[in-house]
Amino acid sequence: MRSLRTKMVMIMVLLILALMTVVGSFLINGVGNYYIDAFDQQMEQTFSQDFISQLQQLAAKPGGSAQQMKQLLMSQSDLGIDLAGRNVYILDQSGQVLDSSNQANSVEMTANLLTAMNGKVGLGNSIVSSYMDLAVPIDGGSNHYIVYILDNKLTVDALTSQLLAIILRSLVLGLVVCVILAFLLAQILITPIRALTTGTRQVAAGDFSQKLEVTSRDEIGTLTRNFNHMSQVLQNTISEVENERNKLSTLFLHMTDGVVAFGPTGLMIHCNPAATKMLARNLDPTVTFDSVFGEDAEFQKLLTLKRSEYLECQKRAGDRELELFMAPFSSDQSVGGAMVVIHDVTEQRKSEQTRREFVANVSHELRTPLTNVKSYAETILSAGDDLPPELRNNFLGVIVSEADRMTRIVKDLLTLTKFDYGKMEMNISRFSFAEAVQNVHKAVALDAQNHGHTLTLDCPDDLPSVDGDRERIEQVIMNIVSNAIKYTPDGGKIAITAGTAGKSVFVRISDNGIGIPEKDLPRLFERFYRVDKARSRESGGTGLGLSIAKEILNQHKGDIRIESVYGEGTDVTITLPIGA
Ligand code: ADP
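Throughout this description, residue numbers start from 1 for each chain and increase along the sequence as written. With pLDDT at 70 or above as the cut-off, local features in this predicted model cover only qualifying residues; side-chain atom pairs require 80 or more to be listed or tallied, and sums for whole chains, interfaces and linings still use all residues. To obtain the side-chain values, all non-hydrogen atoms of the structure were used and water was disregarded.

## Describing the overall build of the protein chain
- Labels follow the DSSP assignment, with helices taken as runs of H or I lasting at least four residues and strands as runs of E lasting at least two, numbered in each case from the N terminus. Looking only at helices and strands, the protein chain has 15 helices and 16 strands in total.
- Values of the radius of gyration come from C-alpha atoms, whereas the globule rule sets the reference at 2.2 Å times the count of residues to the power 0.38. Since a compact globule built from 580 residues should have a radius of gyration of about 25 Å, the 65 Å found for the protein chain marks it as more spread out than a globular shape.
- Taking the principal axes of the C-alpha coordinates as reference, the protein chain spans close to 205 × 55 × 35 Å.
- Think of it in three bands: with a 1.4 Å probe and only protein chains considered, a residue is buried below 20% of the maximum accessible area for its type, exposed above 50%, and partly exposed in between. Taken across its 580 residues, the protein chain has 37% of its residues classed as buried.
- Contacts were defined at the residue level, with two residues in contact if any of their heavy atoms lie within 4.5 Å. Across the protein chain, every contact between residues at least 6 apart in sequence was considered, and the portion connecting residues at least 24 apart equals 58%.

## Description of the packing of helix α12 (residues 433-450) against helix α13 (residues 470-486)
- Axis definition: a line fit to C-alpha positions, over the contact stretch in the case of helices; interaxial angles, taken between N-to-C directions, run 0 to 180 degrees. One way to put it is that α12 packs onto α13 with a least axis distance of 9 Å and a crossing angle of 40°. Pair α12 / α13 crosses with right-handed handedness. Together, Phe433, Glu435, Ala436, Val437, Asn439, Val440, Ala443, Val444, Asp447 and Ala448 of α12 and Arg470, Ile473, Glu474, Ile477, Met478, Val481 and Ile485 of α13 make up the contact between the two elements. By convention the crossing between two helices is left-handed if the near helix lies anticlockwise of the far one by an angle smaller than a right angle, and right-handed if it lies clockwise.

## Regarding the domain arrangement of the protein chain
- What fixes the domain bounds is an automatic or database domain assignment. For the protein chain, the assigned domains read domain 1 (7-158), domain 2 (209-254), domain 3 (255-344), domain 4 (350-420) and domain 5 (429-577).
- Distance between the C-alpha centres of domain 3 and domain 5: 50 Å.

## Some remarks on the site of the ligand
- What surrounds the ligand is a group of 22 residues, the closest being Asn483, Ser536, Thr542, Gly543 and Leu546.
- The side chain of lysine 486 places a nitrogen or oxygen atom 3.1 Å from an oxygen atom of the ligand.
- Here an oxygen atom of the ligand and a side-chain polar atom of tyrosine 487 are 2.9 Å apart.
- Reported accessibility uses the Shrake-Rupley method at a 1.4 Å probe radius. Residues are deemed covered only where the shown protein chains occlude them. For the ligand, whose accessible area on its own is 540 Å², the fraction buried by protein is 97%.
- Both site types are read off a 1 Å grid over the protein atoms alone. A 1.4 Å probe that fits but cannot get out defines a cavity, while an open set with protein on both sides within 12 Å along at least five of seven lines defines a pocket; lining residues have an atom within 4 Å of a point. Think of it this way: a molecule belongs to a cavity or pocket when more than half its atoms come within 2 Å of the grid points there. When each cavity is represented as a set of grid points, the ligand is found to reside in the largest pocket.
- Elements with a contribution of two residues or more to the shell around the ligand: α13 and α15 (545-555). Only heavy atoms are used to decide nearness, and a residue is near a molecule or strand if one of them lies within 4 Å of it. We define a polar contact as two N or O atoms separated by no more than 3.5 Å, with the added condition that, inside protein, one atom must be a possible hydrogen donor and the other a possible acceptor, whereas residues neighbouring each other in sequence contribute only through side-chain atom pairs.

## Quick notes on the sheet that holds strand β13 (residues 493-501)
- Across the sheet, which stays open at both edges, the 5 strands sit in the order β11-β13-β14-β16-β15 with mixed pairing between neighbours. Strands with a single pairing partner mark the edges of an open sheet, and in this sheet they are β11 (454-458) and β15 (559-565). Within this sheet the neighbouring strands show an average axis-to-axis angle of 15°, counted without direction.
- In the sheet, β15 pairs with strand β16 (residues 569-577) via 7 bridges, with the strands oriented antiparallel. Bridged to isoleucine 562 within β16 is valine 572.
- Packed onto the sheet, α13 meets β13, β14 (504-511), β15 and β16 and runs at close to 20° relative to β14. At least two DSSP bridges between two strands are needed for those strands to be called paired.

## Here's the deal with the side chain of histidine 453
- Its place among the elements puts histidine 453 in the loop between α12 and β11.
- Looking at histidine 453, its side chain comes within polar contact range of the main-chain nitrogen of glycine 492, at 2.9 Å.
- Residue contacts for histidine 453: discarding those within four places in its chain leaves Ala448, Ile485, Thr488, Pro489, Asp490, Gly491, Gly492 and Ile494.

## Thoughts on the packing of α13 against α15
- For the pair α13 and α15, interaxial distance at closest approach is 10 Å and the crossing angle is 145°. As for how α13 packs across α15, the hand of that crossing is left-handed. Taken together, the residues of α15 that come into contact with α13 (itself represented by Arg472, Ile473, Gln475, Val476, Asn479, Ile480 and Asn483) are Gly545, Leu546, Ile548, Ala549, Ile552 and Leu553.
- Split into classes, the residues belonging to the contact of α13 with α15 amount to 8 nonpolar, 4 polar and 1 charged. Residue polarity follows a fixed list, in which Ala, Val, Leu, Ile, Met, Phe, Trp, Tyr, Cys and Pro are nonpolar, Asp, Glu, Lys and Arg are charged, and the others, Gly among them, are polar.

## Concerning the sheet that holds strand β4 (residues 143-151)
- Reading across the sheet, the 4 strands line up as β2-β1-β4-β3 and stay open at both edges, with antiparallel pairing between neighbours. Strands with a single pairing partner mark the edges of an open sheet, and in this sheet they are β2 (97-100) and β3 (132-140). Between one strand axis and the next, the sheet turns through 20° on average, direction left out of account.
- Two strands pair when backbone bridges link them, and β3 and β4 are joined in this way by 9 bridges, in the antiparallel orientation. Each bridged residue has a counterpart across the sheet, and for alanine 135 the counterpart in β4 is tyrosine 148.
- On top of the sheet, helix α2 (residues 49-60) reaches β3 and β4; it is set at about 55° to β3, its chief contact.
- Packing of helix α3 (residues 65-75) onto the sheet brings it into contact with β1 (86-92), β2, β3 and β4, and relative to β1 it is tilted by some 155°.

## Section: a nonpolar patch on the surface
- Together, Val172, Leu173, Val176, Val177, Ile180, Leu181 and Leu184 give the surface a local cluster of nonpolar side chains, amounting to about 650 Å² of exposed area.
- Locating valine 176 in the fold gives a position in helix α5 (residues 154-204).
- A relative accessible area of 46% means that valine 176 is categorised as partly exposed. The patch calculation keeps residues exceeding 30% relative accessible area without a salt bridge and links them within 9 Å when they carry like charges or within 5 Å when they are nonpolar (Val, Leu, Ile, Met, Phe, Trp, Tyr). What counts as a salt bridge is simple: a side-chain nitrogen of Lys or Arg found within 4 Å of a carboxyl oxygen of Asp or Glu.

## Quick look at the pattern of salt bridges
- Considering all chains together, one arrives at 22 salt bridges under this definition.
- Two residues, arginine 405 and glutamate 365, come together in a salt bridge whose shortest N-O distance is 3.7 Å. Of the two residues, arginine 405 is situated in helix α11 (residues 389-420) and glutamate 365 in helix α10 (residues 346-383); the sequence distance between them amounts to 40 residues.
- Residue classification places glutamate 365 among the buried positions, given a relative accessible area of 3%.
- Close ionic contact of lysine 374 with glutamate 378 constitutes a salt bridge, the shortest N to O distance being 3.3 Å. Residue lysine 374 and its partner glutamate 378 are located together in helix α10, separated by 4 residues, close to a single helical turn.
- Its relative accessible area of 41% is what places glutamate 378 among the partly exposed residues.

## Some points on unusual backbone geometry
- The backbone of alanine 280 shows a phi angle near 50°, a positive value even though the residue is not glycine.
- Within the element layout of this structure, alanine 280 appears in the loop between α7 (273-279) and α8 (289-293).
- Classification of alanine 280 by relative accessible area gives exposed; the value is 61%.
- Even without being glycine, phenylalanine 528 reaches a positive phi, approximately 70°.
- In this structure, phenylalanine 528 sits in the loop between β14 and α14 (533-538).
- Judged by relative accessible area, phenylalanine 528 falls into the buried class, the value being 4%.

Set out below in structure tokens:
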């Protein structure tokens, strides 16, 4: 690539060369023509009719007339015979030199000489020939002569060569000046262009910080100003695009819905962490639509959908239930690919299921006592006075106990609902954990005794206090101990142990009762979940006790853990943080 500077120098040099050639040739031509015109004029002036008559008279004289003619001619100052290279010749009719001013005895035959030999004046000169001449036939009666003036253009040549030398010198000088000027001009042009080049390179590399200095008000100045404006606009646009991209990528990164995008060939181009988690597989760029969603939809069909259309389908991935929304997206003219939005509906389905089960459970739990109440009441009604009073009282007792049971269920449900809606009011105070445990022990001692259980208490008096709702905490412990009493065959052993562990206090209620099968352990805190339904109902349980206990302990930042061996016994441990 030729630099701008070289190009400018070359243009200047060619310009000067062309200029000098044109000027030189015009000058040299002009000088040549001027001399020919001057020569012709001189000759015409000198060779007037009178002068030719004089020559004819001399020619008519017998003998020596050629020399006399030469003398006469040389005496004519207008002819300029003294000039360098200009001579006069007297020739006879055949072109033989009879006399001459330079003692030469022959001349070259020229066109003008031939014209004169034919009896006419030969005066026609061209710029290209190396001489100028004039041949005049002199008719001296019996003697015929030709007067021939030959100018070898020595004066013209000398002038021309001098002119050439001047032109060459000016050419060299002009070239030097031109080269220097071209360099300077190029420098003036190149400096801002170089700055622009560096600027564009930096912009291409993503650096928009630098502003180019505008040094002139010409086109380059305008270009520099426009460049600065362009890079500013570009920077703003890029930062806006960057912002948008960051917003989108933050959205993609943190959104709970999964998003996977596929290119037009079906290869994955983007996915977010939620999608990876939901699909439970690693999504790298080699993954295709078919390998992930091939069973759910046809990629090519998906690409033919209109912009507003989308496909919706369900998918199972491991233990997760997913809802898929698929839609194509397009770039400017062509199909860009397809986007799949994944919605994890596992929890939603589970909670729908739980809600259904819950409603079914509530209905079931209330229906049994209601049926009992109804049938006993109907029996009393239909039997009337026939029913022995003892049986009647017995029936009325069942009605009352079933009503109590329903009241308990409704009360427990209300408690749980309050927890669900965060409306449960807590009466928080600092109280002695040891006292609470001892209180419960006292309260259940009689019940345990009635069942023939051995109830032991190991609770140091100096246990740290806890912050919480004392009544509810006691209710929780009571519930657990009651369960131990209920689910241990009469004559069992129940131990209440309290103590501290790190920053918590705990109470453990151990029994050697019926125990809980391992498979049921994770579900014990579900509402209405019972291992042994008949036994629970028989003993007045609602199946809500452990759920309520868990809610209360959660509110206190405490914990409840159940360990059990089926047929051997159960350990329930409650922990609460020590009051700060
Ligand atoms: P319930 O009112 O039926 O006692 P809970 O929520 O208190 O309801 O207990 C849930 C279920 O856990 C009970 O139905 C019972 O099957 C089981 N369970 C609780 N405590 C014990 C225990 N100490 N021994 C054996 N089974 C127990």
